[in-house]
Amino acid sequence: MIDEQDKRALKGSLSNYLQAIAGKSQGGKYNCPICGSGTGKHHTSAFSIAPDGQSWKCFSCNAGGDVFELAALVNKLDSKGDFNKVANIVADAVGYNLQNTTSDARKGTVTATKTKTGITYPTEPKSTPQGKSESDTQNKADFSQLVKEAAGNVSQTDYFIKRGLSAATIEKHKLGYITPELAKKYGLQANSVLIPYSTGKEGVYNYYITRSTEGKEYRKPKAETAGPEPLYNLPALYEPTDAPLFVTEGQIDALSIMEYEHADAVAVGGVGINKLLQAIEGIEGFQRPLIIATDADERGKETCRKLLHELKGRAIKAAAYEHIDGYKDINDELNADRDALERNIYRHILQFDKNSLPARYKMQEFLHRIKEGRNAKTYSTGLKALDKALNGGLREGLYCIGAMSGFGKTTLVLQIADTIAAAGDDVLYISLEMSADELTAKSISRRTYQQCIEYGASRESLLAVARTTLDVLRCDIATQAQSKTFMEAATAYTEHEAKCLYIVEGMQGVNASKVRQLVKQHQQRHGRPPVVFIDYMQLLTIADTTQNTDKQKMDAAIKALKDISRDFKIPVVAISSMNRASYDGGLNMASFKESGNIEYTADVLLALEAAIPDDCKGDTKTAKEKRLEFFKKNNARQRHGEPVKVDIKILKCRTAAPFTTATVDSCNMFNCFMDCRDEVKQVPKLKL
C-alpha cells in the first residue's frame with residue numbers, strides 16, 4: 001500500500017505532474033489533458049488550479065479533483081480501486097520515489113524500490129553511493145536482448161541520421177529500430193525507434209523508450225516491469241570527474257551533445273527536476289558542474305531557472321546553456337550548423353574547466369580573444385624609457401617591483417597607476433600601509449612639481465612654489481603662487497586621475513582572496529576589470545590566518561595574484577620588500593624576500609637602484625669609497641629638491657628582453673619620476 005507520507009507528497013505535485021503531461025495555452029494556463037480545452041482555435045483554456053496547488057477544475061468538461069483524480073481520468077483508471085497504480089503513474093511522471101511497497105502484480109499493483117539515488121539498476125553502476133548494498137541499487141528488469149536485436153535493425157531506418165546523429169553515435173549508444181517482426185515478438189509499436197538506457201555495465205540495459213518514426217509520441221515499458229523511468233545516461237553522474245556535464249530535456253538532445261568528444265550529457269525526460277535532484281543527493285561528494293541545456297521555450301526556461309535555484313542551494317556549480325539564436329533545442333542546433341554547436345559546447349565547458357580539453361578546442365576562444373585585442377592590451381607607464389624596456393608597457397601578468405627602503409617604490413608605482421587612470425582605464429590601488437589621503441597628497445605634490453617644470457620655473461622658483469606631500473597634508477599653502485599652482489594641480493587630478501582611480505585602504509584583513517573578490521566586484525559593477533596595484537605584497541600574508549610559515553604564505557599569495565592576472569587578463573603590480581643583505585650591492589632576483597616563488601611565478605621583476613658611475617662599481621676599496629661619496633652627494637641633491645638618476649633594472653620579463661635597464665630621473669621631494677634630461681635648464685622665475 002502507498003503510505004500516508006507518500007500520499008501527501010504526491011498530492012502536492014499537481015503542478016509538476018501537469019508540466020509532464022500538458023502544454024499551456026496562450027494565456028499561460030494549462031490545457032486540459034482530459035477534454036483538450038485550450039488547444040482550440042482561440043487557445044483559451046478553462047482549466048484552473050486552486051491557489052493552494054492541491055486541486056484542479058476544468059470549467060469546460062466540469063471535471064475536477066486532486067492529482068490522483070487527474071491521473072486516473074487521463075489513464076482511464078479508477079482513482080480508488082486502482083489507487084496504487086495511479087499513485088505510481090504520478091510518481092513516475094514527477095520523478096518521485098515511493099517508499100518500499102510490495103504487492104501482487106496480478107492484482108494490478110506494482111513493486112517500487114526506494115533507493116537513495118532515486119533510480120534502480122539491474123546491475124551495479126560504475127560507482128554506487130557509499131553505504132548502499134548491491135541489492136539497494138538493483139532492479140530485475142533487463143532489456144539487453146531487445147536492445148541487441150533492435151540495434152541490429154537500425155540500418156532499416158534513417159530516423160537517427162535525419163536527426164543529425166552520426167553512425168558512430170548510433171553504434172556507441174546502441175540505438176535501434178523496431179520492425180514489425182520485433183514489435184510482434186515483444187509487444188511493441190512497429191516502425192518505431194528505440195533508445196536504450198545503459199546501466200553502466202557494457203551490454204546491460206534496464207530501461208528504454210520507443211518513438212514513432214513519423215510522430216513525437218514516446219512509449220515506455222510498463223512500470224510493473226521496469227519501475228520508474230531513470231535519467232538517460234545516468235552512469236555519467238557517477239563518473240569520478242569534475243568535468244562539466246550537460247543536462248537536457250530529451251534523449252536526442254543529450255545524444256546530440258555526445259556527438260562531440262569530451263562532451264557528456266544526461267536527459268531528464270521532460271521538464272521535471274525532482275528525478276535529477278534525487279539522483280544527485282544520493283551521490284556522496286558529487287562534484288561535476290552542470291550546464292542546464294533545457295529547451296529555449298518558456299517551459300524549458302522556467303525549468304532551467306528552478307533547477308539552477310535548487311542546485312545553488314545544494315552548493316553545486318551550475319550554469320544555464322546559451323542557445324544559438326533562433327533554435328529551440330540542441331538537436332535543432334546540431335542539424336543547422338554542426339560546427340557552430342561544437343564551438344558553443346566547448347565554450348560552455350571551458351567556463352568551468354580550462355584543463356580538461358586538448359589545446360585544439362581552445363583555439364576558438366584564443367582567436368576570439370586576439371580578435372578583440374584582449375591579449376594585446378598594453379598600458380603605458382608614462383615613462384618612455386621604461387615603456388621601451390618593457391616592450392611597450394604593462395600587459396597581463398604579475399609585476400613585482402622592489403628597491404631599498406625609502407627609494408621611491410610607492411612613488412613610482414603610484415605614478416604609474418595615476419598614468420593609467422588618467423588615460424581612462426580603471427585602476428584598483430590597494431594600499432596596505434599608507435592612507436588614501438597620503439597617496440592623494442603624493443599625487444597632487446607631483447602635479448605641482450610637473451606644472452612648475454612645464455611653466456619653465458627655475459629651481460629656486462620651483463622649490464618655492466611646488467608642494468611636498470607634507471605641505472599638501474598640512475595645507476601649507478601661503479603665497480598666491482603656491483595657491484594657484486595647488487588649485488590647478490588638485491583640479492587636474494580630480495578631472496583626470498581621480499575619475500578612474502579606486503583606492504582601497506587595507507591596514508589589516510586584506511589577503512589574496514580579498515583582492516580577487518574586490519576585482520570581481522569591480523568588474524560586475526563597472527563592466528571591466530581594473531589594473532591592480534598592491535602596496536605592498538608582504539603585508540598580504542599578515543591577514544593569512546593559516547599555520548603555515550611566512551614563506552609558505554608568501555608562495556600562496558604570489559600564486560593567487562598570478563591567477564588573478566591570468567583570469568581577468570590584467571596586469572597586477574605588487575611592491576615587494578628586499579633582503580637587507582642586498583642593500584650594499586647590486587640588486588638581483590635573489591634580492592627579493594622569499595625570492596623562490598617570486599622568481600619563478602612573477603612575469604616581470606623590476607628593481608630600483610641608483611644609477612652609479614662605472615668607477616663606483618665593484619668590490620675594491622677605492623670603488624666602495626667612491627660609491628659612498630656618490631650616495632652622500634645624491635642624498636644631498638634630493639634634500640635640495642634636485643632630480644637624481646635612477647636605474648629601473650629589468651631582472652625578468654616574459655614579453656621583453658631581460659637584463660635591460662631604464663634610466664630615469666627621480667625627484668623624491670616632489671614624488672616624481674621623469675624621463676632623463678641631460679641638463680636641467682635654468683629659466684626665469686615663474687610669474688604667478
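How should the overall build of the protein be read in this particular structure?
Per the secondary structure count, the protein includes 26 helices and 20 strands. Looking at the protein as a whole, 50% of its 688 residues are labelled buried. A fraction of 62% describes how many contacts in the protein between residues 6 or more apart in sequence connect residues 24 or more apart.

Before we go on, may I ask you to explain the sheet that holds strand β16 (residues 571-576) in this structure?
For sheets, the rule is that strands pair by backbone hydrogen bonds, running either parallel or antiparallel. With respect to topology, 9 strands assemble into an open sheet ordered β14-β13-β15-β16-β12-β17-β18-β19-β20, the strand pairing being mixed. Either end of the sheet is taken by a strand with one partner, and the two such strands are β14 (501-505) and β20 (672-675). The average angle at which neighbouring strand axes cross in this sheet is 25°, direction not considered. Its contacts with the sheet place helix α23 (residues 512-526) against β13 (427-431), β14 and β15 (531-535), and it is angled at close to 150° to β13. Each of β12 (397-403), β15 and β16 touches helix α24 (residues 550-568); the most contacted strand, β12, lies at about 130° to it.

What is the right way to read the packing of aromatic side chains from this model?
Aromatic ring pairs are defined here through the distance separating the ring centres and the angle between the ring planes. Tallied over the entire structure, the rule returns 9 aromatic pairs. For the ring pair Tyr197 and Tyr207, a centre distance of 5.3 Å and an interplane angle of 65° mean the geometry is edge-to-face. Here Tyr207 lies in strand β6 (residues 205-212) and Tyr197 lies in strand β5 (residues 192-198), a separation of 10 residues in the sequence. Here Tyr197 falls in the buried class, since its relative accessible area comes to 1%. Note on Phe246 and Tyr321: the rings are 6.3 Å apart at their centroids and 70° apart in plane angle, and the pair reads as edge-to-face.

What counts and what doesn't
- Residues numbered from 1 in each chain as written.
- Predicted model: local features only at pLDDT ≥ 70, side-chain atom pairs only at ≥ 80, totals over all residues.
- Heavy atoms only, no water.
- Helix = DSSP H or I, 4+ residues; strand = E, 2+ residues; numbered from the N terminus.
- Buried < 20%, exposed > 50% of the residue type's maximum accessible area, 1.4 Å probe, protein only.
- Contact = heavy atoms within 4.5 Å.
- Pairing = 2+ DSSP bridges.
- Axes fitted to C-alpha atoms, helices over the stretch in contact; angles between N-to-C directions.
- Phe/Tyr/Trp six-rings, centres within 6.5 Å; stacked < 30°, edge-to-face > 60°.

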